[in-house]
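Reading the structure
So you can see what is in the structure, the chains are spelled out below.
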Amino acid sequence: MRKALKSLTVSTLALSLATGYAMAEDLRFTVWTGNEAHLDMLNGIADGFEAKHPGTTVTFETIPAGDYVQKLTFQLAGGNPPDLGWMFEDSMPTFVAAGAVEPLTDTLENAEAYDLADFSDPAMSLWKEDGEIFGVPFSTSPFMVFYNKDMFDAAGLEDPLTLAEKGEWTLEKFRDVAKALTKPEERFWGFEFKDGQGYDTRIMHAVMPPIRAYGGNGWSNGECGFEKAEAVEAVEMLHQMVFEDKSIVPPGEQGDYFSGSSAMTINQISRASKMPEAGFEWGIAPLPSGPAGEAPVIGQAGLVVFAKSDNKERAKQFIAWMTNKKNVEVMAQFFPPARVSVLESDAFTEANALIPPEQMKHVAAAIKEGEVLPSHERAPQILAAMKPRFDALWRADADVEASLKAICDAIRPQL
Amino acid sequence: MATADDTSAMARHTRVPWLTLKRRETIEAWLFVSPTLIGFLIFFLGPLIAVVIYSMSEWNLLSGGQVFVGLANYRDALAENPDFWHVIRNSVIFAMGLVPMNMALALILAIALSRPRRGVVFFRTVFFAPVVTSAVAWAIVWKFLLQGEGGTVNQLLALVGVNGPNWLREPDWAMAAVIVTRVIKMVGLNMILYIAALQSIPRDYEEAARLEGATGWQVFRMVTWPLLAPTTLIIMVITTIGSFKVFDHIYLMTGGGPENGTLVLAFYIYEQAFEFFNVGYASALAMIMFVIVLMLTIVQLLLRQRGAT
């Protein structure tokens, strides 16, 4: 009896260890895409990894983008942590500061034929802290000007791409064409901020491109830049476009570019997928240059391993696998790469079915030179503090300089 | 289930003397209330106690560390953070705007629609329909209608020569706009409650008053209104509580803006908990909201008791 009990205990223990081991090899990977083509591609990459590491499985779990950070945080805090996942650029500093993500430098440096130096420095800057790598960007997508070519042709104007090729695509020109294309009586505007949310959730996407083109910044190194002369000039220009030229869709109005109510907007190339159904000729061009020259802005998303994962080492290896040169080439069909060698290949400029190579060339150039939006570990608090002051700025009678100073006063304690 | 229990209980009753009728009834009573009671304990009392504990800790969900800080979160909210009083002010304005308007409109609609007349069912349906409409659809449609220049509301106002404001972009107008759209959405519910109350008032009272020579207004003032008092109290309590808890409407229409003009308490709690992950501070705010709502309810009940005596 005792012997039987003993052997039962031992076998139960062995079984639980074995299943524990098997479970330890099941990597849970959170993503915010539900797109089947994306998931097929990701599963294809995982298949290769699983073949190399028998016993390991990778499961992709979709959390919708709008709830991603919230639900992820609750999974991490609630004792149900995924092993690794996608990470938004603006959430990254918060996660690093909280110690919620794992350092990856060792794994990446020692990964077989990885060539870490192939990732451009500006592309990696956001994902490093004190020389240690905490994430690897898998999507580095510049903000481009989308334009309605039919509208430019009808007005007899040169389109932004043509102007850019001639080196004449400047903020002044941008303002001129936006004004020329605006038809107030038809409720048609020259320009719409990104997704029409420039006054709400996309404040930074609205103001940062011209601020950077003027040579300014929102904030950097704990210092607020909104009140500096370059930023004031840039925002004053936008303010005049909204309230004097009336060429930008004003606050409280809807003027969707994709349904043909605005001649131009700013967005990332993934939005090109909406264009075939738009029903007009279109193109993409770089952001207009300013007194400080060209200042491309990029948006990034990266891969991280969560500190609460039970399978950190395997998860890190998977990140190294997923971002090796071959897999970055695979992902480039959907996600613009941060690897210079892939970026410079013809494969990339020819990879996009919707955007012709001569336009993709500008995308590649913007990725190489582009900077991400200002980031901060307290970004949610900074944006919340900024929002009401920007509301005050977006009024016809606002004193732009004073409003920008108020914005700096509000966010300075957070910086 | 209950019958199975009954039969087994009865079977035992013959053999086990301690299971008296009284005991049996007590057990049955507990069995009957237990589903609700267990639900109450797990899904209400448990979280409530947890919130009290969380509210006394500094807890950032992401970094994980939970440190006991006593009443620091409450002191922070009540004495140190100017945002808090701004938020309370907004919540009070919202409630003071919404509750009287909602109740007055509900009563007027109920009086108009309580008697069986032609078309009355149609109009009741029309006014009740927004209650069952999705809040998301409601908010999106109103956002379109309330656009600055292109909005339907302002185009209609322009027809009569009024230059409407940019409703959702000016703090005071935005507050007015969310209150009015919320009233239109929710008034149907209170209307139904008032209709039910009006229909339960015996016609004899009104006839008696009429025979004594009372005018329509006097009948309403001296007969109908006092008899509606219990319903009015209930409506007032639930509408006030509802107005303090308003979240979806604000989230969808203004996001607390412009210039924090519609930042109400429930939305502020959401922001602290789910955007900044300050669970401790958000829990303290939630407790403050709980106390406010509790006090309002007690005050209204006391007023009612005094009215009755």
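1. Side note on the domain arrangement of chain A
All names here are of chain A.
- You can read the domains of chain A as domain 1 (13-141 + 299-372) and domain 2 (143-298 + 375-414).
- Between the C-alpha centres of domain 1 and domain 2 the distance comes to 30 Å.
- Contacts between domain 1 and domain 2 engage 26 residues on the former and 23 residues on the latter.
- Roughly 2000 Å² is buried in total at the junction of domain 1 and domain 2, and carbon and sulfur atoms are behind 66% of that figure.
- Per-residue buried area on domain 1 facing domain 2 is highest for Leu354, Gln359 and His362; these three make up 27% of the total on that side.
- Our count for the domain 1 to domain 2 interface comes out at 1 salt bridge.
- In this structure, the salt-bridge partner of Glu165 is Lys361, at a minimum N-O distance of 4.0 Å.
- Put simply, domain 1 and domain 2 have 7 residue pairs in polar contact (both at pLDDT 80 or more) between them.

2. What about the domain arrangement of chain B?
Residue and element names in this part refer to chain B.
- Domain annotation of chain B identifies domain 1 (2-55) and domain 2 (73-308).
- The C-alpha centroid of domain 2 is placed 39 Å from the C-alpha centroid of domain 1.
- In this complex, domain 1 contributes 5 residues to the contact, which on the side of domain 2 involves 9 residues.
- With both chains or domains summed, domain 1 and domain 2 bury close to 520 Å², and 74% of this area falls on carbon and sulfur atoms.
- Among the residues of domain 1 in contact with domain 2, Val51, Tyr54 and Ser55 are the three that bury the most area, contributing 71% of the side total.
- Scanning the region where domain 1 abuts domain 2 turns up 0 salt bridges.
- Joining domain 1 to domain 2, the criterion identifies 2 residue pairs in polar contact (both at pLDDT 80 or more).
- The class makeup of the residues in the side of domain 1 that touches domain 2 is 4 nonpolar, 1 polar and no charged.

3. Structural notes on helix H18 (residues 400-411) of chain A
Residue and element names in this part refer to chain A.
- Spanning 12 residues, H18 covers 17 Å between terminal C-alpha atoms, matching the ideal 16 Å at 1.5 Å per step.
- Listed in full, the buried residues belonging to H18 are Val400, Ser403, Leu404, Ile407, Cys408, Ala410 and Ile411. An end-on view of H18 places all buried positions within 165° of arc, on one side of the element.
- Where H18 begins, one side-chain oxygen reaches toward the backbone nitrogen of Glu401, 3.2 Å away; that side chain belongs to Asp399.

4. Quick look at the packing of aromatic side chains
Residues and elements named next belong to chain B.
- Under the criterion given, the structure shown has 44 aromatic pairs over all chains.
- Where Tyr268 meets Tyr281, the ring centres are 6.5 Å apart and the plane angle is 85°; that geometry is what we call edge-to-face. With Tyr268 in helix H12 (residues 265-275) and Tyr281 in helix H13 (residues 279-308), this pair connects stretches of sequence that are 13 residues apart.
- Note on Tyr268: relative accessible area 1%, which makes it buried.
- Looking at Tyr281, the relative accessible area reads 8%, which means it is buried.

Procedures and definitions
Residues numbered from 1 in each chain as written. Chains lettered and ligands numbered in written order. Predicted model: local features only at pLDDT ≥ 70, side-chain atom pairs only at ≥ 80, totals over all residues. Heavy atoms only, no water. Domains from an automatic or database assignment. Contact = heavy atoms within 4.5 Å. Buried area = accessible area lost by both parts, 1.4 Å probe. Salt bridge = Lys/Arg side-chain N within 4 Å of Asp/Glu carboxyl O. Polar contact = N/O pair within 3.5 Å; in protein donor to acceptor, adjacent residues only side chain to side chain. Nonpolar A, V, L, I, M, F, W, Y, C, P; charged D, E, K, R; others polar. Helix = DSSP H or I, 4+ residues; strand = E, 2+ residues; numbered from the N terminus. Expected span 1.5 Å × (residues − 1). Buried < 20%, exposed > 50% of the residue type's maximum accessible area, 1.4 Å probe, protein only. Arc of directions from axis to C-beta. Phe/Tyr/Trp six-rings, centres within 6.5 Å; stacked < 30°, edge-to-face > 60°.

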